[in-house]
Amino acid sequence: MEREFKWNIPTPADFSRIADSALVAPLMQSSGDIQMQAVYFDTADKQIARVRGGLRLRRENSESIVCLKLSAQESFDGACKAREEYECAAPDIRTGIRNLPSVGAPQAFCDTLFKSNLLEIGRMEFTRHAYQLAYRSCTCELALDSGKMLRCGRAAPICEMELELKSGSEADFDALALELQNTFSLQPQPLSKLARMMQL
């Protein structure tokens, strides 16, 4: 189950200010940059959209990952989302779909997708500046994504900050997220990248 908070950030410089702050800097364990190139898919009859899901093939630096997300739930005025997330390394979308049940994805749904005609619905290109944090009884990733999303010949910028729970206490994770939001007057982003891309 993926659990994350998402906020709009005006510029990458605002993220640097947060990352270097007295609140965040002492929590950092490691950091790094990841080049992301993602292609999103659905069936002609929008089976994935109907379950409020997402299916993508994303290259993360030199690694290729297929990810299926399902059953989004929202809280904290849309800033926090929790959903089923399944991912595996795969060179192409169909290999990934075939292997997703081995990491817990619903077998019947994956079988249906594998037999369907998959269509590209859009793509994204962005850089993720990621920091691994340890806070009380949880570990999490604080990340800035900056780049662009593209669909049907149209484009829009990406500039957002995410805090994703990696392990440990959800209560401590939520407490850190709300402290960040209040300390830096962050604006919640209730829509996923995919939802915003589909509005283009």
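Scroll up to find the structure.
Residues numbered from 1 in each chain as written. Predicted model: local features only at pLDDT ≥ 70, side-chain atom pairs only at ≥ 80, totals over all residues. Heavy atoms only, no water.

**Considerations on the overall build of the chain**
In step 1: Of regular secondary structure, the chain possesses six helices and nine strands.
In step 2: Relative to the compact-globule value of 16 Å for 200 residues, the chain shows a C-alpha radius of gyration of 17 Å, a close match.
In step 3: Taken along the three principal axes of its C-alpha coordinates, the chain extends 50 × 35 × 35 Å.
In step 4: By the burial criterion, 50% of the 200 residues in the chain qualify as buried.
In step 5: In the form shown here, the chain has an accessible surface area of approximately 9500 Å², with 49% of it arising from carbon and sulfur atoms. (Helix = DSSP H or I, 4+ residues; strand = E, 2+ residues; numbered from the N terminus. Rg over C-alpha atoms; globule rule 2.2 N^0.38 Å. Buried < 20%, exposed > 50% of the residue type's maximum accessible area, 1.4 Å probe, protein only. Areas by Shrake-Rupley, 256 points an atom, 1.4 Å probe, with all protein chains shown as cover.)

**What to know about the pairing of strand S3 (residues 54-60)**
In step 1: Counting buried positions along S3 gives five out of seven residues, so the element sits mostly inside the fold.
In step 2: Here seven bridges tie S3 to strand S4 (residues 63-75), and the two strands are oriented antiparallel to one another. Across the sheet, residue Arg56 finds its bridge partner in S4, namely Cys67.
In step 3: Adjacent in sequence and paired antiparallel, S3 and S4 are bridged by two residues, among which Asn61 carries a positive phi angle near 55°. (Pairing = 2+ DSSP bridges.)

**Some remarks on unusual backbone geometry**
In step 1: You will see that Asn61, though not glycine, has its phi angle at about 55°, which is positive.
In step 2: Structurally, the position occupied by Asn61 is in the loop between S3 and S4.
In step 3: In this model, Arg136 sits at a positive phi of 50°, which is unusual for a non-glycine residue.
In step 4: Mapped onto the secondary structure, Arg136 falls in the loop between strand S6 (118-135) and strand S7 (138-151).
In step 5: Residue Arg136 is classed as exposed on the basis of its relative accessible area, which comes to 62%.

**Some details on the pattern of salt bridges**
In step 1: Under the counting rule described, the total for this entry stands at 17 salt bridges.
In step 2: In this structure, the salt-bridge partner of Lys6 is Glu4, at a minimum N-O distance of 3.7 Å. An identical accessibility class is assigned to Lys6 and Glu4; each is buried.
In step 3: Through salt bridges that share partners, Glu4, Lys6, Arg128, Asp145, Glu160, Glu162, Lys193 and Arg196 make up one connected network. (Salt bridge = Lys/Arg side-chain N within 4 Å of Asp/Glu carboxyl O.)

**Notes on the pairing of S4**
In step 1: Sheet topology places S4 next to strand S5 (residues 80-89); nine bridges connect them, and they run antiparallel. Within S5, the position partnered with Gln73 by the bridge is Ala82.
In step 2: Taking the residues between adjacent antiparallel strands as the criterion, S4 and S5 are bridged by four residues, where Phe76 takes a positive phi near 55°.

**Topic: the nonpolar core**
In step 1: Judged by nonpolar contacts, the single largest core of 28 residues is most densely connected at Trp7, Leu133, Leu163 and Leu180.
In step 2: Of all the secondary-structure elements, those providing two or more residues to this core are strand S1 (2-8), helix H1 (12-19), S6, S7, strand S8 (154-168) and helix H5 (170-183).
In step 3: What Leu163 contacts, discounting residues up to four positions off in sequence, is Arg3, Glu4, Phe5, Trp7, Leu133, Cys140, Glu141, Leu142, Phe173, Leu176, Ala177 and Leu180.
In step 4: Among the nonpolar cores identified, the runner-up in size contains 19 residues, and Val39, Leu57, Leu68 and Ala90 belong to it. (Core = buried A, V, L, I, M, F, W, Y, C linked by side-chain atoms within 4.5 Å. Contact = heavy atoms within 4.5 Å.)

**Topic: the state of the cysteines**
In step 1: Per the counting criterion, the structure on display carries zero disulfides.
In step 2: Not engaged in a disulfide, the cysteine Cys138 finds its nearest cysteine sulfur in Cys140; these two sulfurs lie 4.6 Å apart. (Disulfide = S-S within 2.5 Å.)

**A short note on the environment of Phe126**
In step 1: The residue Phe126 is located in strand S6 in this model.
In step 2: Ignoring any residue separated from it by four or fewer positions in sequence, one finds Phe126 in contact with Ile34, Gln35, Met36, Arg58, Asp145, Ser146, Gly147, Ile158 and Lys193.

**A short note on the packing of aromatic side chains**
In step 1: Here the structure, examined in full by the defined rule, presents four aromatic pairs.
In step 2: Aromatic pair Phe5 and Trp7: ring centres 5.9 Å apart, planes at 20°, arrangement stacked.
In step 3: The class of Trp7 is buried, set by a relative accessible area of 0%.
In step 4: Linked through ring pairs, Phe5, Trp7, Phe76 and Phe173 together constitute an aromatic cluster.
In step 5: In this arrangement the basic side chain of Arg94 is found over the ring face of Phe114, its NZ or CZ atom lying 5.9 Å from the centre. (Phe/Tyr/Trp six-rings, centres within 6.5 Å; stacked < 30°, edge-to-face > 60°. Lys NZ or Arg CZ within 6 Å of the ring centre and 35° of its normal.)

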